[in-house]
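Now for the letters of each chain:
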Amino acid sequence: MMKITGVMVEYYFICKKKLWYFANQIQMENEHENVLIGRMVDETSYIQEKKNILIDGTINIDFIRKHKQIHEVKKSKSIEEATIWQVKYYLYYLKKLGMEDIKGVIDYPLLRRNLIVELDENDEEKIEEVIRDIENIVAMPSPPAANKMKICSKCAYYELCFI
Ligand code: SF4
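Procedures and definitions
- Residues numbered from 1 in each chain as written.
- Predicted model: local features only at pLDDT ≥ 70, side-chain atom pairs only at ≥ 80, totals over all residues.
- Heavy atoms only, no water.
- Near = heavy atom within 4 Å.
- 1 Å grid on protein atoms, 1.4 Å probe; cavity = no way out; pocket = protein on both sides within 12 Å on 5 of 7 lines; lining within 4 Å.
- Sits in = over half its atoms within 2 Å of the grid points.
- Helix = DSSP H or I, 4+ residues; strand = E, 2+ residues; numbered from the N terminus.
- Nonpolar A, V, L, I, M, F, W, Y, C, P; charged D, E, K, R; others polar.
- Points joined across faces, edges and corners; volume = space filled by probe spheres on them.
- Buried < 20%, exposed > 50% of the residue type's maximum accessible area, 1.4 Å probe, protein only.
- Pairing = 2+ DSSP bridges.
- Right-handed = clockwise from strand over helix to strand, strands pointing away.
- Contact = heavy atoms within 4.5 Å.

**What to know about the site of the ligand**
Inference 1: Lining the immediate environment of the ligand, one finds Cys15, Lys18, Ala146, Met149, Ile151, Cys152, Cys155, Tyr157, Tyr158, Cys161 and Phe162.
Inference 2: In this structure, the ligand is accommodated by the largest cavity.
Inference 3: If you tally residues by element for the shell around the ligand, the top one is helix H6 (residues 158-162), at three residues.
Inference 4: Taken together, the residues of the shell around the ligand break down into 10 nonpolar, no polar and one charged.

**What about empty space enclosed by the protein?**
Inference 1: Across all of its chains, the model carries one cavity of 30 Å³ or more by this definition.
Inference 2: A volume near 110 Å³ is recorded for the largest cavity.
Inference 3: In terms of lining, the largest cavity is formed by 14 residues, of which the most central are Cys15, Met149, Cys152, Cys155 and Cys161.
Inference 4: Breaking the lining of the largest cavity down by element, the ones donating at least two residues are helix H2 (16-23) and H6.
Inference 5: Classifying every residue of the lining of the largest cavity by side-chain character gives 11 nonpolar, one polar and two charged.

**Quick notes on unusual backbone geometry**
Trans is the prevailing form of peptide bonds, just as negative phi is the prevailing case for residues other than glycine.
Inference 1: Located in the positive-phi region is Asp101, a residue other than glycine, with phi close to 55°.
Inference 2: The phi dihedral of Arg112 falls on the positive side, at around 55°, and the residue is not glycine.
Inference 3: Relative to the elements of secondary structure, Arg112 occurs in the loop between strand S4 (103-108) and strand S5 (113-117).

**Here we look at the pairing of strand S3 (residues 69-73)**
Inference 1: Across the five residues that make up S3, a large majority, five, are buried.
Inference 2: Where burial is concerned, the two faces of S3 agree: the one with Gln69, His71 and Val73 and the one with Ile70 and Glu72 are both buried.
Inference 3: With five bridges joining them, S3 and S4 adopt parallel strand pairing. Bridged to Gln69 within S4 is Lys103.
Inference 4: At this point the chain moves from S3, through helix H4 (residues 80-96), to the parallel S4, and the crossover so formed is right-handed.

**Points about the environment of Ile102**
Inference 1: Mapping Ile102 onto the fold places it in the loop between H4 and S4.
Inference 2: Its relative accessible area of 18% is what places Ile102 among the buried residues.
Inference 3: A sequence separation of 15 residues divides Ile102 from Val117, and the C-alpha atoms of the two residues are 9.6 Å apart.
Inference 4: If near-sequence neighbours (up to four positions away) are discounted, Ile102 is found in contact with Lys68, Gln69, Ile70, Leu91 and Leu94.

This is how it looks when you write it as structure tokens:
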């Protein structure tokens, strides 16, 4: 069975082509300025909290502030819907491991804001569909087609897609 990470779920909602590149080991994000800025925000925020907890070798949660709360740190709200589903996926995953009633929080330290994320039954059905869809996309022999979007100019794969 394919290991589906939170980043893969996030990319599914941002761009399916990006998901395919990432999951097929074409990983250019390390060099991209936006990712470096995001990592700096991550590394300099909430330093007294627990950080980057890997669960089951699959999902990597930014930190757990206190019992029954997981956090995902982001630098901006530009991909908020994708981040919400990423966090819902973590909640779903933890529920499958027997950890229920956990709350998700998206933290925006640069904006001094946060957003609470919860998981309901409809979300669980949708996540199961998304998981099946991700498995199909990643197994494709070549990346799916994608139109140019606003976010493309900040994407590490821009040159692969459009140059
Ligand atoms: S450049 Fe745009 S189309 Fe290409 S992978 Fe990135 S977000 Fe998707």
